[in-house]
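Report on the structure
Residues per chain are reported as follows:
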Amino acid sequence: MMKFEKSLPEITFAKNPSDADTAILATFDDKKLSKSATSLDKDLDGLLSYQMESHAKFKGENGQTLCIACPQSGKFKRVILLGLGSKSKSSAESLETAGGLLSSALKSAGAEKAALLNADDLKTKTNNPIMGVLSGLLLGSYSFDEFKTIDKNKKTAPVKILTIITSAAKSAEKELETVKNTVESVFLTRDLVNAPPNKLYPESFADIAKKTLTPLGIKVQIFDEKSCEKMGMGCLLSVGQASEHPPRLVIMSWEGAGNAKQKAQKPLALVGKGITFDTGGLNVKPFDGMVFMKVDMGGAAAVVGTMHALAKRKCKIPVVAAIALAENSISDEATRPSDIVTSYSGKTVEILNTDAEGRLVLADALTYIQKKHDPELIVDLATLTGAIMVALGLNHCGVFSNDDKLWKNLEKASKDTGEKVWRMPLDPSFRKEMDSDFADIKNIASGRNGGSCTAAAFLEEFIDKDRPWAHLDIVGVAMSK
């Protein structure tokens, strides 16, 4: 089992700085020195205020940093000013961005022990910016160099110790624990996405999910190719039949940590596309389209990371998740364009393009989760179509939903976290494009127009009537370097 070790900064809380070599002072774009900053500025004979006023580029904009060298007689070797932008427009996204850029600034400066001096001076009416900055700083410390051998022993965190000077250390430590748990889950997701396909394939992915999530209290079931064949999962099997690494369906169940009433609720359901490598099959991709196809399991990685996060935070209600894992390869066993297969739902699918495989594995997983677990709602995540990048670029996730309430909840979560989403249309006209002359449905439309919409229409065919469902097409946000 792959296990990647991360070197994270140690974050502590104290009332006074001890032996830090670097002082950090955060400022909004008004560039007003807080009480703590004014005290340090006085000790440095006005060096900070002079630099802030005279520096042509430092405006206190979000994520801007200014490193100021201190006199040899000073308490610190350097002071890093961190801009937080507009106080009134401060958000989870802007604070995370600032924290990530602070991580880079500390690394560039060679800081080993740093102290953020003015945490208590930065609170706004809506939030405590420090936790957002710390989240960004921890996320910004991520690297994936597990397969490098050069300078392997020199790998270090951007800063070894970061001390936050605050009078509310106890509550801050509790908040930080939540932040660190989330960061840990994000790192798990990133490691899965970054792992090379000769190391991460359906069997090894399933093994990682089981060994990582089971100790947290999540029940993990793995269905191998024989089990999937016995159940009649023709779509999932057709995608993986050319590979030496056969498909897997992984079901993860969290029973909830709340009271009896909360545990008795219908579960929420998550479903993830897990194509561990996508050659396109016999409809082979060109080099530019294939080179990053280890990322085609990003939806499954996000689902595993989310289940990890829910268990770490002791989610009160039940959640069930499915990831459909397959490697879309080329061999004499490969699915051919115009093959017809029978899905787990019993509906037949004409496969006209073997590179439209993600929707096939999702079809069987979506059907399974509904038949066996009858969830309250379903959210699926998939690197499904290049068309969504054409429509929305690399910063927005396309959301297709049959339920306005579910969409509004996703939209609110988007605003709370800074993870951008945009609602896309589900319309009967797109479903008509998927009509087949020979089967119940075909896996691609007749033309290229509205590719992400017709893909969503295909998935909707496998959703029970009146079941709240949202499909997140995450190609752009998953593949953004």
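To be clear, the structure that these remarks concern was listed above.
The following refers to the structure shown. (Residues numbered from 1 in each chain as written. Predicted model: local features only at pLDDT ≥ 70, side-chain atom pairs only at ≥ 80, totals over all residues. Heavy atoms only, no water.)

Before going further, it helps to spend a moment on the overall build of the protein chain. Of regular secondary structure, the protein chain possesses 17 helices and 17 strands. For the protein chain, whose C-alpha radius of gyration is 25 Å, the value lies close to the compact-globule estimate of 23 Å for 481 residues. Projected onto its principal axes, the C-alpha coordinates of the protein chain cover approximately 85 × 50 × 45 Å. The proportion of buried residues among the 481 residues of the protein chain is 52%. Taking as baseline every contact in the protein chain between residues at least 6 positions apart, the subset at least 24 positions apart corresponds to 78%. Taken as a whole, the protein chain presents about 22,800 Å² of accessible surface, with 50% of it coming from carbon and sulfur. Separation between the mean location of the 62 positive side-chain charges and that of the 60 negative ones in the protein chain comes to 6 Å. (Helix = DSSP H or I, 4+ residues; strand = E, 2+ residues; numbered from the N terminus. Rg over C-alpha atoms; globule rule 2.2 N^0.38 Å. Buried < 20%, exposed > 50% of the residue type's maximum accessible area, 1.4 Å probe, protein only. Contact = heavy atoms within 4.5 Å. Areas by Shrake-Rupley, 256 points an atom, 1.4 Å probe, with all protein chains shown as cover. Lys, Arg positive; Asp, Glu negative; His and termini not counted. Charge placed at Lys NZ, Arg CZ, Asp CG, Glu CD.)

Moving on, we come to the sheet that holds strand S8 (residues 248-254). Across the sheet, eight strands lie side by side as S7-S8-S10-S9-S13-S17-S14-S15; this open sheet has mixed pairing. Among the strands making up the open sheet, the edge pair consists of strand S7 (219-223) and strand S15 (421-423). Adjacent strand axes in the sheet meet at a mean angle of 20 degrees when their direction is disregarded. Across 10 bridges, the pairing between strand S9 (residues 268-278) and strand S10 (residues 319-328) is parallel. Counted as the bridge partner of Asp-278 is Asn-328 from S10. (Pairing = 2+ DSSP bridges. Axes fitted to C-alpha atoms, helices over the stretch in contact; angles between N-to-C directions.)

The next subject is unusual backbone geometry. Although it is not a glycine, Lys-31 sits at a positive phi angle of roughly 55 degrees. Mapped onto the secondary structure, Lys-31 falls in the loop between strand S2 (22-27) and helix H1 (35-43). Of the residues examined, Lys-31 reaches a relative accessible area of 25% and is grouped as partly exposed.

By the definition in use, this model includes five aromatic pairs. Here the aromatic residues Phe-223, Tyr-344 and Tyr-368 are joined through ring pairs into a cluster of three or more. A cation sits over an aromatic face here: Lys-371 above Tyr-344, 4.6 Å from the ring centre. (Phe/Tyr/Trp six-rings, centres within 6.5 Å; stacked < 30°, edge-to-face > 60°. Lys NZ or Arg CZ within 6 Å of the ring centre and 35° of its normal.)

Counting buried positions along S9 gives 10 out of 11 residues, so the element sits mostly inside the fold. Of the strand pairs in this sheet, S9 and strand S13 (residues 377-382) are connected by five bridges, and their pairing is parallel. In the strand pairing of S13, Val-271 is matched with Asp-380.

For the rest of this paragraph, the subject is helix H5 (residues 169-194). One turn of an α-helix holds 3.6 residues; hence residues three or four places apart share an orientation. The end-to-end C-alpha separation of H5 is 36 Å, in line with the 38 Å expected for 26 residues at 1.5 Å each. Residues of H5 that are buried include every one of Ala-172, Leu-176, Val-179, Asn-181, Val-183, Ser-185, Phe-187, Leu-188, Thr-189, Asp-191, Leu-192 and Val-193, and no others. Where H5 is buried, its residues meet strand S1 (10-14), helix H4 (129-140), helix H6 (202-213) and helix H11 (298-312). (Expected span 1.5 Å × (residues − 1).)

Our focus in this paragraph is the pattern of salt bridges. For the structure on display, the rule yields 19 salt bridges. Between Lys-211 and Asp-207 there is a salt bridge, with its nearest N and O atoms 3.4 Å apart. On the criterion of helical spacing, the pair formed by Lys-211 and Asp-207 is a turn pair, its members being four residues apart in helix H6. Of the charged contacts in the structure, one is a salt bridge between Asp-278 and Lys-285, with a shortest N-O distance of 3.5 Å. (Salt bridge = Lys/Arg side-chain N within 4 Å of Asp/Glu carboxyl O.)

On to the packing of H6 against H11. Relative to each other, H6 and H11 sit at 10 degrees, their axes nearing to 10 Å. As the angle between them shows, H6 and H11 are arranged roughly parallel. Mapping the contact onto sequence places Phe-205, Ala-209, Thr-212 and Leu-213 in H6 and Ala-300, Ala-301, Val-304, Met-307 and His-308 in H11. Looking at the contact of H6 with H11 residue by residue, the class counts come to seven nonpolar, two polar and no charged. (Parallel < 35°, antiparallel > 145°, perpendicular 65-115°, else oblique. Nonpolar A, V, L, I, M, F, W, Y, C, P; charged D, E, K, R; others polar.)

Looking now at the side chain of Thr-27. Inspection of the secondary structure assignment puts Thr-27 in strand S2. A relative accessible area of 5% places Thr-27 in the buried class. Contacts of Thr-27, omitting those with residues within four sequence positions, involve Lys-32, Met-52, Phe-58, Gly-60, Leu-82, Gly-83, Leu-84 and Gly-85.

This paragraph deals with the environment of Cys-67. With respect to the element layout, Cys-67 can be found in strand S3 (residues 65-69). The class of Cys-67 is partly exposed, set by a relative accessible area of 47%. Residues Cys-67 and Gln-51, spaced 16 residues apart in sequence, show a C-alpha to C-alpha distance of 9.8 Å. Once residues within four sequence positions are removed from consideration, Cys-67 is found in contact with Arg-78, Val-79, Ile-80 and Ala-109.

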